[in-house]
Amino acid sequence: MSLHALQHSTLAYASWKTAFDSVMLIATFITMVVLHEMAYAPNTKEHIPYMIPVQGGVFLMIPAITLIVENWQASGPQSEVRIRRGLLVMATILFAGYSMLQPFIPTPVMVALGVTSLALLVGAHRGLENQKLLQNNQPEYRYLFHKLTFGKRDIIMVQVMLMLCVAILFGAPEIPSYGRIGLWIAILFGCIRVYFTIRDNRSLVNETFYSAARLEQQFEDQLALTRESNEQLRKVLTLKQNYERLLIASNEQSLREVSYETLQQVIEELVETWYSKIDSLVYLRLSLESQNHIVYFQAEKGERTDFSELHPVSGQIVVHEDMDSALAPRYVRLEAYTGAEDSQQKELEQSLFQLLLVNVRGLAQRCLHQHQALELRFMESEMELARRIQSMLVPKEQLTLAGLRARAVYAPFTYVGGDYIDYIRVNERYTCFIVADVSGHGLPASLLASGIRTAVRAVLQKSWSPDEVLTRLNQLLYDDLSKTRSYVTMLVALYDAEEHALLLSRAGHPRPLYLSATQKMVLPCVGGVGLGLLADSTYKVEKVPLKEEGFLLLYTDGFVESGRKKALRCIHSWLQDLSMLMDKHERESENAMDGVESYIWEMTREGQQTDDMSVLILQFQSTSQKPFPEIDAVTAPPARL
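Residues numbered from 1 in each chain as written. Predicted model: local features only at pLDDT ≥ 70, side-chain atom pairs only at ≥ 80, totals over all residues. Heavy atoms only, no water.

(A) How the structure looks around the sheet that holds strand E8 (residues 430-438). Overall, antiparallel pairing links the 5 strands, which are arranged E7-E8-E9-E10-E13 in an open sheet. Each having just a single partner strand, strand E7 (419-425) and strand E13 (542-545) make up the two edges of the open sheet. Each neighbouring strand pair of the sheet contributes to a mean axis angle of 15 degrees, computed without reference to strand direction. As paired elements, E8 and strand E9 (residues 488-496) share 9 bridges and run antiparallel to each other. Across the sheet, residue isoleucine 434 finds its bridge partner in E9, namely valine 492. Here helix H10 (residues 442-459) sits on the sheet and contacts E7, E8 and E9; the angle it forms with E7, its principal contact strand, is near 20 degrees. (Pairing = 2+ DSSP bridges. Helix = DSSP H or I, 4+ residues; strand = E, 2+ residues; numbered from the N terminus. Axes fitted to C-alpha atoms, helices over the stretch in contact; angles between N-to-C directions. Contact = heavy atoms within 4.5 Å.)

(B) Geometry of the confidence of the model for the chain. Of the residues in the chain, 81% reach a pLDDT of 70 or more, and the chain-wide mean stands at 78. Note on residues 130-136: pLDDT is under 50 here. Beyond four places in sequence and across chains, it has 12 contacts. Low pLDDT, under 50, characterises residues 563-568; the stretch is placed with 8 contacts to residues that sit more than four places away or in other chains. (pLDDT = per-residue confidence, 0-100.)

(C) Representation of the side chain of arginine 330 in the model. Looking at the element boundaries, arginine 330 is found in the loop between strand E3 (311-318) and strand E4 (331-338). Despite its burial, arginine 330 pairs with no opposite charge; the closest candidate is aspartate 324, at 4.5 Å N-O. Separated by 3.1 Å, the side chain of arginine 330 and the backbone oxygen of histidine 320 make a polar contact. If sequence neighbours within four positions are ignored, arginine 330 has contacts with Glu289, Ser290, Gln291, Ile317, Val318, Val319, His320, Glu321, Asp322, Met323 and Asp324. (Buried < 20%, exposed > 50% of the residue type's maximum accessible area, 1.4 Å probe, protein only. Lys, Arg positive; Asp, Glu negative; His and termini not counted. Salt bridge = Lys/Arg side-chain N within 4 Å of Asp/Glu carboxyl O. Polar contact = N/O pair within 3.5 Å; in protein donor to acceptor, adjacent residues only side chain to side chain.)

(D) Examining the packing of aromatic side chains more closely. All told, the structure shown has 9 aromatic pairs when counted by the stated rule. With centroids separated by 5.3 Å and ring planes inclined at 70 degrees, the aromatic side chains of tyrosine 195 and phenylalanine 196 adopt a geometry described as edge-to-face. Residue classification places phenylalanine 196 among the partly exposed positions, given a relative accessible area of 27%. Geometrically, the ring pair formed by tyrosine 283 and tyrosine 337 is tilted, given 6.5 Å between the ring centres and 45 degrees between the ring planes. You can see tyrosine 283 sitting in strand E1 (residues 281-289) and its partner tyrosine 337 sitting in strand E4, a full 54 residues away along the chain. Residue tyrosine 283 shares its accessibility class with tyrosine 337, and that shared class is buried. Of the aromatic side chains, those joined through ring pairs into one cluster are Tyr555, Phe559, Trp574 and Tyr599. (Phe/Tyr/Trp six-rings, centres within 6.5 Å; stacked < 30°, edge-to-face > 60°.)

(E) Quick peek at the pattern of salt bridges. Taken as a whole, this structure holds 12 salt bridges when the rule is applied. Ionic pairing is found between arginine 457 and aspartate 422, a salt bridge with its closest N-O pair at 2.5 Å. One end of the pair, arginine 457, is in helix H10; the other, aspartate 422, is in strand E7, and 35 residues separate them in sequence. Residue arginine 457 is classed as partly exposed on the basis of its relative accessible area, which comes to 29%. When the shortest N-O distance is used, the salt bridge between glutamate 498 and arginine 429 registers 3.5 Å. Of this pair, glutamate 498 sits in the loop between E9 and strand E10 (501-507) while arginine 429 sits in the loop between E7 and E8, placing them 69 residues apart in sequence.

(F) Expanded view of a nonpolar patch on the surface. Taken together, Ile26, Ile30, Val34 and Met38 make up a surface patch of nonpolar side chains, about 410 Å² in accessible area. Classification of isoleucine 30 by relative accessible area gives partly exposed; the value is 49%. (Patch = residues over 30% accessible without salt bridge, like charges linked within 9 Å, V, L, I, M, F, W, Y side chains within 5 Å. Areas by Shrake-Rupley, 256 points an atom, 1.4 Å probe, with all protein chains shown as cover.)

(G) Quick look at the pairing of E9. Counting buried positions along E9 gives 9 out of 9 residues, so the element sits mostly inside the fold. The alternating pattern of E9 places Val488, Met490, Val492, Leu494 and Asp496 on one face and Thr489, Leu491, Ala493 and Tyr495 on the opposite face, and all of these are buried. Here 6 bridges tie E9 to E10, and the two strands are oriented antiparallel to one another. Across the sheet, leucine 491 pairs through a bridge with arginine 506, a residue of E10. Counted between consecutive antiparallel strands, the loop separating E9 from E10 contains 4 residues, among which histidine 500 sits at a positive phi close to 50 degrees.

(H) Helix H12 (residues 571-584), seen in detail. Between its terminal C-alpha atoms H12 stretches 20 Å, which fits the 20 Å expected from 14 residues at 1.5 Å a residue. Those residues of H12 that fall on the buried side of the exposure criterion are Ile571, Trp574, Leu575, Asp577, Leu578, Ser579, Leu581 and Met582. The inward-facing, buried residues of H12 contact strand E11 (513-516), strand E12 (520-522), strand E14 (550-555) and helix H13 (592-606). (Expected span 1.5 Å × (residues − 1).)

(I) Geometry of H10. In a regular helix each residue adds 1.5 Å, so 18 residues correspond to 26 Å; H10 covers 26 Å between its end C-alpha atoms and thus fits that length. Regarding H10, the residues found buried are Gly442, Ala445, Ser446, Ala449, Ile452, Ala455, Val456 and Val459.

(J) Representation of the packing of H10 against helix H11 (residues 466-483) in the model. Between H10 and H11, the least distance of the axes is 10 Å, while the angle of their chain directions is 140 degrees. Taken as axis vectors, H10 and H11 run oblique relative to one another. The handedness of the crossing between H10 and H11 is right-handed. Where H10 approaches H11, its residues Leu448, Ile452, Ala455, Val456 and Val459 are matched on the opposing element by Val469, Arg472, Leu473, Leu476, Leu477 and Leu481. Considering only residue class, the contact of H10 with H11 consists of 10 nonpolar, no polar and 1 charged. (Parallel < 35°, antiparallel > 145°, perpendicular 65-115°, else oblique. Left-handed = near helix turned anticlockwise from the far one by under 90°. Nonpolar A, V, L, I, M, F, W, Y, C, P; charged D, E, K, R; others polar.)

(K) Quick look at the sheet that holds E1. A sheet is described by the order of its strands in space; here 4 strands give the open sequence E2-E1-E4-E3, paired in antiparallel fashion. Edge positions in the sheet fall to strand E2 (295-301) and E3, since each of these pairs with one other strand and no more. Across the sheet, the axes of successive neighbouring strands diverge by a mean angle of 10 degrees, strand direction being ignored. Bridge analysis of E3 against E4 gives 8 bridges, and the strand direction is antiparallel. In the sheet register, histidine 311 faces E4, and the bridge partner there is threonine 338. Packed on one face of the sheet, helix H8 (residues 263-277) meets E1 and E2 and runs near 160 degrees to E1.

(L) Expanded view of the nonpolar core. With 30 residues, the main nonpolar core has Trp274, Leu284, Leu334 and Phe353 as its most contacted residues. The set of elements that each furnish at least two residues to this core consists of helix H7 (177-254), H8, E1, E2, E3, E4 and helix H9 (343-393). Per-element accounting of this core gives the leading share, 8 residues, to H9. Setting aside chain neighbours within four positions, we find phenylalanine 353 in contact with Trp274, Ile278, Leu281, Leu284, Val313, Leu334, Ala336 and Thr338. The next biggest cluster of nonpolar side chains, apart from the first, holds 26 residues, and it includes Val438, Ala445, Val456 and Leu473. (Core = buried A, V, L, I, M, F, W, Y, C linked by side-chain atoms within 4.5 Å.)

In structure tokens form, the structure reads like this:
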């Protein structure tokens, strides 16, 4: 039973063999025992003749040899399974050997060997029922071949057992009659087993042939599929070569220099190239259209006939989302009919026509980009001209009077800015200083600043007082500023050379910085609203005596809105830094203005500028100091725009 359990776990051994072999052994041994007891038991002390265990051991040894050879020749990675099966075979052989030797050994030794061999047999059985059958790990044809080989080995060993029984029967005349009858019964059962085993082997041979035939048919089917795939691949490669030539010709067309004047000609040549290169193409139409399907231009090739049996291809692609004109169409649309029948060819043609749409869109976008680039260069040249004109209006020279010097620092946020900075000699006594900031940036603010410059000069022809200047300017500019929804902040300072004092008026503009030896502060001068906000605005004037040496900085809000990696640089920080700078140049008043200007430029470059920046630096002397040289204008370092 151990050997047949091993056979079941190895090759799904036929169950009838287990039953037949068990019946054969039992019938043979019972016959021998019964005959022995009936004929010889009264005259002998032996109840079981020694021939029975010897013959039973031989019957077990012969199939055990077959199984152990089969186990170690089995293929596959299951080495642990083969080891467990080998241990079971070896335990069975050990038990069979014990059963053969038990009539010839003492009883204590027989009991010890019996317990040991039985324990090994039981231990070898553990876990074997959980092992998978060999059939689950092999293909069908290999499993059948392996099972057929095992069946041949099995029938050979049965035949060996039969020949051994015959040899004993005829070669040992001293065998008693009960032994001869048992041998004849074993020979009879063995012949019957050989017959049924041969029949099963023939059935296995036929099943193996059928499996081989199925395998051959599968191979032929796979070969046919491979041939079909190779044929399809050949067609695809042929199409690929044709379409590669088409793409090369199309790229040559699309890489040409193109403009609005040559765009339509290039599109027509592209349509002609595609129509001639694609053999299955019957009709092709390519058009530039608007969002409302108005056709600006179309190129058509082929005749419109009955297209019911043809494969239609259509598509469109957006050229520009925000523009829709003859020069910049919204869509490129394609309509085509081909005679392609293969699904792969249809898919490939769909992709190629999509590529044609992309090429035409690229041509249209190149024309648009070239046009925009020309417009941009023209705009840049105009902006550069505006920048030069505005820079000419900003004072580049230092103004030097007897008790006061003035210098302008100007840095627009873009090409041009909306800041206005100026100083104007009214007469020998009065000089007017103006700093203004127009709301907004860029060219509109620059145009307003230029208009303000003209208006200021017109007002100064009749009015000199800063409050009157602001009032008259607000009256002149209110209508224009209200229409454009703009406003202007302005600070006007009038220097009186006789009194050595400044008259200040402010229209929504930041308060100036005052720095002297004893006072460093933001001047608390009152002011009105910006120009252009109220039609009847009035402004106040304040007088600032210049009793001691120092500086007055008039600036726009871009001066305090520059900073890098920090919060906005507040005006009090500027006041503190400039105070330290004045203390450093206390004994070098001649170079103090250069130091202030350099420091302003340095801090402006460190920060991230977000607005136009203008600063008017006024350096004044005390009444007891030696006045500045009496020169109207001395050339200063060029203004750094």
